[in-house]
Amino acid sequence: MRARSSVGVVCALLVLVAALLTGCQVLKSGADKDGRAAPRATTTQPSGYGAVFLAVDECSSFGSTSFTEVPCTSERAAARVVARYDGTAGDGPLCPATTDFVLHISRQSPSSDEDGDGSIPQGYACMRNLEPPHPGDPGGGGGPRTIVGDCVYGSGNGQVRETACDGSGGKKPQYQVAKAVARRAQCPAATALYVQLDGAQPVGCARRV
């Protein structure tokens, strides 16, 4: 259900791929799999705060084209790191369920690094906005994961996309993920849509709303 983005080589820069997935999850009606729209790419340089770039509980700015680590007390601070992992998100641990977006840290910077060896390892930071809205919340209309409580609407050609359950996303919700189970057979009889979820219970049972 993810669409990952790769970024070209940029010398001495740290490239972040922001998975800003508010309302762009694509689900297949009656199937176990869904996809996501391609995330927006952005480039930034580490600001030097903290021993580890974007470590847990550190904050980032939130610009239109770039993200920069800033003190959480700064007026520029917009999102906090709730989890931080090395490697790629596709192979590593899942972000917390209510993560608002993911920053994929995919480049090395010889001039500014974590431990003095001249590089920042590839990794990803799970981000939570400091203030609402929180698209990763149940029914929030976005986030990197589909979770129980999320709503979707039909987008044509047998597909549906995530939208805010309160209608604030501009599209009226038609289905809501009511339960997560291990197998389709465990879904309630009223289930109208099966959605692939992450984790130990990978089937989302969605009902009409």
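Residues numbered from 1 in each chain as written. Predicted model: local features only at pLDDT ≥ 70, side-chain atom pairs only at ≥ 80, totals over all residues. Heavy atoms only, no water.

### A look at the overall build of the protein
Phase 1: The number of helices and strands found in the protein is zero helices and 14 strands.
Phase 2: Starting at the N terminus, the α and β elements of the protein follow one another as β-β-β-β-β-β-β-β-β-β-β-β-β-β.
Phase 3: Expressed as a percentage of the 209 residues in the protein, the buried residues total 44%.
Phase 4: Accessible surface, the protein as shown: approximately 9900 Å² in total, 49% of it carbon and sulfur. (Helix = DSSP H or I, 4+ residues; strand = E, 2+ residues; numbered from the N terminus. Buried < 20%, exposed > 50% of the residue type's maximum accessible area, 1.4 Å probe, protein only. Areas by Shrake-Rupley, 256 points an atom, 1.4 Å probe, with all protein chains shown as cover.)

### Brief notes about the nonpolar core
Phase 1: Counting residues in hydrophobic clusters, the biggest one holds eleven residues: F53, L54, F67, A79, V81, F101, L103, I105, I120, A125 and M127.
Phase 2: Broken down by secondary-structure element, the contributors of at least two residues to this core are β7 (79-86), β8 (101-105) and β9 (123-129).
Phase 3: A total of three residues in this core trace back to one element, the largest contributor, which is β8.
Phase 4: Ignoring sequence-local partners within four residues, the contact set of V81 consists of L54, A55, V56, D57, E58, A125, C126 and M127.
Phase 5: Of all hydrophobic cores here, the second largest spans nine residues; its members include V152, V160, V177 and L193. (Core = buried A, V, L, I, M, F, W, Y, C linked by side-chain atoms within 4.5 Å. Contact = heavy atoms within 4.5 Å.)

### Re the state of the cysteines
Phase 1: A full pass over the atoms with the stated rule returns four disulfides.
Phase 2: Sequence-ordered numbering of the bonded cysteines in the protein yields a pairing of 1-2, 3-4, 5-6, 7-8. (Disulfide = S-S within 2.5 Å.)

### Describing the pattern of salt bridges
Phase 1: Per the counting criterion, the structure on display carries four salt bridges.
Phase 2: One salt bridge connects D137 with R128, and the closest N-O pair in it is separated by 2.7 Å.
Phase 3: Judged by relative accessible area, which is 22%, R128 ranks as partly exposed.
Phase 4: A salt bridge links D198 to R145; the shortest N-O distance between them is 3.9 Å. With D198 in the loop between β13 (193-196) and β14 (203-208) and R145 in the loop between β9 and β10 (151-156), this residue pair connects regions lying 53 residues apart in the sequence. (Salt bridge = Lys/Arg side-chain N within 4 Å of Asp/Glu carboxyl O.)

### Things to note about the confidence of the model for the protein
Any region with low pLDDT has predicted coordinates that should not be read closely.
Phase 1: Model confidence for the protein is summarised by a mean pLDDT of 75, while 67% of its residues fall at 70 or above.
Phase 2: The element-level mean pLDDT for the protein is lowest in strand β4 (residues 40-44), coming to 36, with strand β12 (residues 175-181) highest at 97.
Phase 3: Residue range residues 1-48 is modelled with pLDDT below 50. Its contacts to residues more than four positions away, or to other chains, number 161 contacts. (pLDDT = per-residue confidence, 0-100.)

### Digging into the side chain of D150
Phase 1: Residue position: D150 is located in the loop between β9 and β10.
Phase 2: Take D150: its relative accessible area is 1%, and that puts it in the buried class.
Phase 3: A polar contact is formed between the side chain of D150 and the backbone nitrogen of G139, at a distance of 3.0 Å.
Phase 4: Apart from residues no more than four positions distant in its own chain, D150 is found in contact with D137, P138, G139, G140, R145, E162, C165, Y175, Q176 and V177. (Polar contact = N/O pair within 3.5 Å; in protein donor to acceptor, adjacent residues only side chain to side chain.)

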